[in-house]
Amino acid sequence: MALRAEGETANPVETGERASGKASRPGRTGRILAVESADVEFVGVTKEFHDLTAVDDLNLKVEAGEFFSLLGPSGCGKTTSLRMLGGFEEPTRGRILLGGQDVTNLPPYRRDVNTVFQSYALFPHLNVFENVAFGLRRRRFDRAEIRRRVSQMLEIVDLPNYEKRLSTQLSGGQQQRVALARALVNEPKVLLLDEPMSALDAKLRRQMQIELKRIQAQVGITFLYVTHDQEEAMTMSNRLAVMWHGRIEGMGSPKDVYDNPTTEFVASFLGASNLLPGTIESSAADVVTIAVAGGALMHVPPQRVSRLETSSDVKVGVRPEKIGILELGNDVPASHNAIGGRVVVSTFTGVGNQYIVETAIGVNITVYAQNIGHQSAPRSGDEVILTWPIEHTFTVAPLPTSVEINETEGD
Amino acid sequence: MGRALAPYLLSLPSGLWLLLLFLVPLAFMLSLSLKTCNPATGACVMTWHWGEFPSEISLYHQEFITSLYFAAASTIVDLIVSFPIAYWIAFYGGRRKNFFLLMLLVPFFVSFVIRTIVWEFVLADNGVVLGTLKHLHVLPAGFHVLGTGVAVMAGLAYNYLPFTALPLYVALERIDRRVLEAAYDLYATRRAGFLRVILPLTVPGIFAAFLLTFIPMFGDYVNQEILGGTSNTMIGTVIQNQFLVNFDFAGGASLSAILLVIALIGIYLYARLLGSRTIEQYL
């Protein structure tokens, strides 16, 4: 969606061209972010630093106008991918396309993308107005147009009357808005955001998430967002890709990736998962039966089975909120999987209860139960039966035991 | 109460040092300018004779002007020469930054006077540089540098180069590379990135470098003595002669006082223009 000033026609921004001299540019005046956003394509992109492969054969297509997140732990290659699109790193192999045009070897200032940096990287010697005007001045817009666009952009990010302030006189949240305005005012085809919230406190972060989503809807620019915060990625994105060790482990809408994790990493990194090691026993057209350690059988819909072709070892997974807790002696409902155990930890979290249940096979299972008030909550020490619908059961291929999933933050 | 006194006790040695070796001699020098001395015995009596100042100014204003000119010109040469050096070390020095900085300081392991005398050899009429150029007929046989203002300025510029290069290096090193990346991201070419980001962020460093280089150069006499021959007398030389040759202690002291006042005015104007904070930051 493009916002437009009254009585103006929307022209696509003529990109990459530089006017000679400081003459006014009538073709550019009077428009409000009537920009054509573009799609982004990574084709077989690999980036090696010395002996480290930061990004490993990345193939990714981000659609125009989409809010797309690259999600992963520190060192997974998400920031490197973003920096290659911004022009700050050159891929070792592969091509990067922006709106169909190969930009792989263009310097940053020749690319129609702008970046909101993790540290904001505002110009310390310039005030808010000049920070936001920087890109427009480099492209030699005339004064009146710069003034109009900057004022308007400061309205959009809710910072009017801050023009004369220095960046050092602003709070973290305000600096972040200036960084956003400074990038957006140039009407890039794609806006790159490199963990822009990491310096904000939790409350402000949630506020800015909503704000950012609003602004994205308002300006209609493709947003490529890098974060290690899975909640943030799920809240804001149309689609996301979970990255690990330079590769994409799972990609799709947040719901899709959350509900159908295809690898053990995605299952553990994006939300929490209970994973039980097991072996495929039999495959029928409508159900796959898996024997977990200890002999219990689990049933999984065939379309939710991810496995390696070379091995019948899998991990059976279920999300903590999908599990119901029954007192011992109750019947397991039809079309449910079940496993018995003993509650070891019971925590009241306000919106619900969190239980950790020790099972006979030695795996602890986490359960989130919503606080809807009419059940007596099991206490620690109680013997219980855990049940969940077959349709909410999935499998992933197990990781080699030597690999550990490290969820540390930051980059 | 011992704790409350601790900061004062700790600052006592340096305070005493400053008082005894800096403030007392300064006060002594200033009072000396108002005394009348017997050149034969060296005995001075306080006479509150202010007349020394106007007479010294009328006698030696030319030397003050020469000093200002030499110091300013040499400082500008230093800024032009050391900026690329500091820039290169800060941006491309990589892991060997400290090594390159050390290289910049290596000449300082040799005494100031010796270094200047070596320059005398370098610039000699038939020395390494001029001799070779004359031999190749690039320069006429009668060409000379030694004994001219150019030689003095060359010596000054050489001797004070690190005072310019180091503050510039600090200023350049401090620039957040991410801010520079942001500039490139916002359509700045390398040239625009330099002019619009690097240079403005280096300005305080440039002023600090100017001050640190200009003020000692202004009072310098060694370069002029060794390289300047009998002409191009700088005020430092005059003061030295007043004390050590003419035994005119009151005259030398009043010239020193004038030099001090000029330098203080310069620093004051600098602090008013840029704030005193910037000086502290780059020392």
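The structure presented is a predicted model; accordingly, all values stated were derived computationally and were not measured.

Cut-offs applied
- Residues numbered from 1 in each chain as written.
- Chains lettered and ligands numbered in written order.
- Predicted model: local features only at pLDDT ≥ 70, side-chain atom pairs only at ≥ 80, totals over all residues.
- Helix = DSSP H or I, 4+ residues; strand = E, 2+ residues; numbered from the N terminus.
- Buried ≥ 20, exposed ≤ 12 C-beta atoms within 10 Å, placed from the backbone.
- Contact = placed C-beta atoms within 7 Å.
- Nonpolar A, V, L, I, M, F, W, Y, C, P; charged D, E, K, R; others polar.
- Pairing = 2+ DSSP bridges.
- Axes fitted to C-alpha atoms, helices over the stretch in contact; angles between N-to-C directions.
- Core = buried A, V, L, I, M, F, W, Y, C linked by C-beta atoms within 7 Å.
- Domains from an automatic or database assignment.
- pLDDT = per-residue confidence, 0-100.
- Expected span 1.5 Å × (residues − 1).
- Bend = angle between axes of the 7 residues up to and from the residue.
- Parallel < 35°, antiparallel > 145°, perpendicular 65-115°, else oblique.
- Left-handed = near helix turned anticlockwise from the far one by under 90°.

### As for the overall build of chain A
Alright, step 1. Per the secondary structure count, chain A includes eight helices and 20 strands.
Alright, step 2. Considering chain A as a whole, with its 411 residues, one finds that 41% of them fall into the buried category.
Alright, step 3. Long-range pairs, those at least 24 residues apart, make up 68% of the contacts in chain A between residues at least 6 apart in sequence.

### A closer look at the overall build of chain B
Alright, step 1. For chain B, the count of helices and strands is twelve helices and two strands.
Alright, step 2. Starting at the N terminus and ending at the C terminus, chain B contains elements arranged as α-β-β-α-α-α-α-α-α-α-α-α-α-α.
Alright, step 3. Dimensions of chain B along its principal axes, counting C-alpha atoms only, are 75 × 70 × 30 Å.
Alright, step 4. Looking at chain B as a whole, 32% of its 283 residues qualify as buried.
Alright, step 5. A sequence separation of at least 24 residues applies to 70% of the contacts in chain B between residues at least 6 apart.

### Observations regarding the interface of chain B and chain A
Alright, step 1. Contacts between the two partners involve 15 residues from chain B, matched on the other side by 18 residues from chain A.
Alright, step 2. Only helix H7 (177–185) and helix H8 (190–218) of chain B provide two or more residues apiece to the side of chain B that touches chain A.
Alright, step 3. With six residues, H7 of chain B is the largest single contributor of residues to the side of chain B that touches chain A.
Alright, step 4. Grouping the constituent residues of the side of chain B that touches chain A by class yields ten nonpolar, one polar and four charged.

### Focus: the sheet that holds strand E17 (residues 352–359) of chain A
Residues and elements named next belong to chain A.
Alright, step 1. Spatial strand order, E15-E19-E16-E17-E18: five strands in an open sheet with antiparallel pairing. Because the sheet does not close on itself, it has two edges, and the strands there are strand E15 (324–327) and strand E18 (364–370). Between one strand axis and the next, the sheet turns through 45 degrees on average, direction left out of account.
Alright, step 2. Here seven bridges tie strand E16 (residues 336–348) to E17, and the two strands are oriented antiparallel to one another. By the bridge assignment for E17, Thr347 is matched with Gln354.

### Focus: the environment of Val145 of chain B
Residues and elements named next belong to chain B.
Alright, step 1. Along the chain, Val145 turns up in the loop between helix H5 (128–135) and helix H6 (149–174).
Alright, step 2. Look at Val145 and you get partly exposed, because 18 C-beta atoms sit within 10 Å.
Alright, step 3. For the pair formed by Val145 and Leu227, sequence separation is 82 residues and the distance between their alpha carbons is 8.9 Å.
Alright, step 4. Beyond its immediate stretch of four places on either side in the chain, Val145 contacts Leu123, Leu130, Val150 and Ala151.

### Regarding the nonpolar core
Residue and element names in this part refer to chain A.
Alright, step 1. Within the largest apolar cluster, 96 residues are counted, with the highest numbers of intra-cluster contacts made by Val132, Met153, Ala181, Val190, Leu191, Leu224 and Val242.
Alright, step 2. The element contributing the most residues to this core is helix H4 (residues 172–184), with six residues.
Alright, step 3. Of the domains in this structure, domain 1 (26–254) and domain 2 (272–396) are the two that each give at least three residues to this core.
Alright, step 4. Among residues more than four places away in sequence, those in contact with Val242 are Leu71, Gly72, Glu249, Gly250, Val257, Val266, Phe269 and Leu270.

### Observations regarding unusual backbone geometry
Residue and element names in this part refer to chain A.
Alright, step 1. Even without glycine at this site, Asp57 takes up a positive phi of about 50 degrees.
Alright, step 2. By the secondary structure assignment, Asp57 is in strand E2 (residues 52–62).
Alright, step 3. A positive phi is found at Asn161, a non-glycine position, where the angle reads about 65 degrees.
Alright, step 4. Classification of Asn161 by C-beta neighbours within 10 Å gives exposed; the count is 8.

### Here's the deal with the sheet that holds strand E11 (residues 274–283) of chain A
Residues and elements named next belong to chain A.
Alright, step 1. An order of E13-E12-E11-E14-E20 is seen for the five strands of this open sheet, with the pairing classed as antiparallel. Strands with a single pairing partner mark the edges of an open sheet, and in this sheet they are strand E13 (297–300) and strand E20 (394–396). The average angle at which neighbouring strand axes cross in this sheet is 45 degrees, direction not considered.
Alright, step 2. Looking at chain direction, E11 and strand E14 (residues 313–318) are connected through six bridges and run antiparallel. When the sheet's bridge partners are listed, Pro277 is paired in E14 with Lys315.

### Describing the confidence of the model for chain A
Residues and elements named next belong to chain A.
Alright, step 1. With 88% of its residues at a pLDDT of at least 70, chain A reaches an overall mean of 84.
Alright, step 2. Within the model, pLDDT remains below 50 along residues 1–32, and this stretch shows 39 contacts once partners closer than five positions in the same chain are excluded.
Alright, step 3. Low pLDDT, under 50, characterises residues 407–411; the stretch is placed with twelve contacts to residues that sit more than four places away or in other chains.

### Description of the domain arrangement of chain A
Alright, step 1. Split into domains, chain A comes out as domain 1 (26–254) and domain 2 (272–396).
Alright, step 2. Computed over C-alpha atoms only, the centres of domain 1 of chain A and domain 2 of chain A are separated by 40 Å.

### Points about the environment of Arg379 of chain A
All names here are of chain A.
Alright, step 1. Its location among the elements puts Arg379 in the loop between E18 and strand E19 (383–389).
Alright, step 2. We classify Arg379 as exposed; it has 9 C-beta atoms within 10 Å.
Alright, step 3. Along the primary structure Arg379 and Gly317 are separated by 62 residues, whereas in three dimensions their C-alpha atoms are 24 Å apart.

### What to know about H6 of chain B
Residues three or four positions apart in an α-helix share a direction because the helix packs 3.6 residues into each turn.
All names here are of chain B.
Alright, step 1. For H6, which comprises 26 residues, the first-to-last C-alpha distance of 36 Å matches the rise-based estimate of 38 Å (1.5 Å per residue) to within 8%.
Alright, step 2. Of all the bends found along H6, the most pronounced is centred on Tyr160 and spans about 50 degrees, while Pro162, a proline, follows it within four residues.
Alright, step 3. Buried residues dominate H6, accounting for 20 of its 26 residues.

### Regarding the confidence of the model for chain B
Detailed reading of the predicted coordinates is not advisable wherever pLDDT falls low.
Alright, step 1. Residues at a pLDDT of 70 or more form 96% of chain B, whose mean pLDDT is 87.
Alright, step 2. For this predicted complex, the interface score ipTM comes out at 0.77, alongside a pTM of 0.77.

### Considering the packing of helix H2 (residues 128–138) of chain A against helix H3 (residues 143–156) of chain A
Residue and element names in this part refer to chain A.
Alright, step 1. At their nearest, the axes of H2 and H3 sit 10 Å apart, and the two run at 130 degrees to each other. As far as their axial angle goes, H3 and H2 are oblique. Read as a crossing pair, H2 and H3 show a hand that is right-handed. Residues Phe129, Val132, Ala133, Leu136 and Arg137 of H2 form the contact with H3, whose participating residues are Ile146, Arg149, Val150, Met153 and Leu154.
Alright, step 2. Considered class by class, the residues forming the contact of H2 with H3 number eight nonpolar, no polar and two charged.

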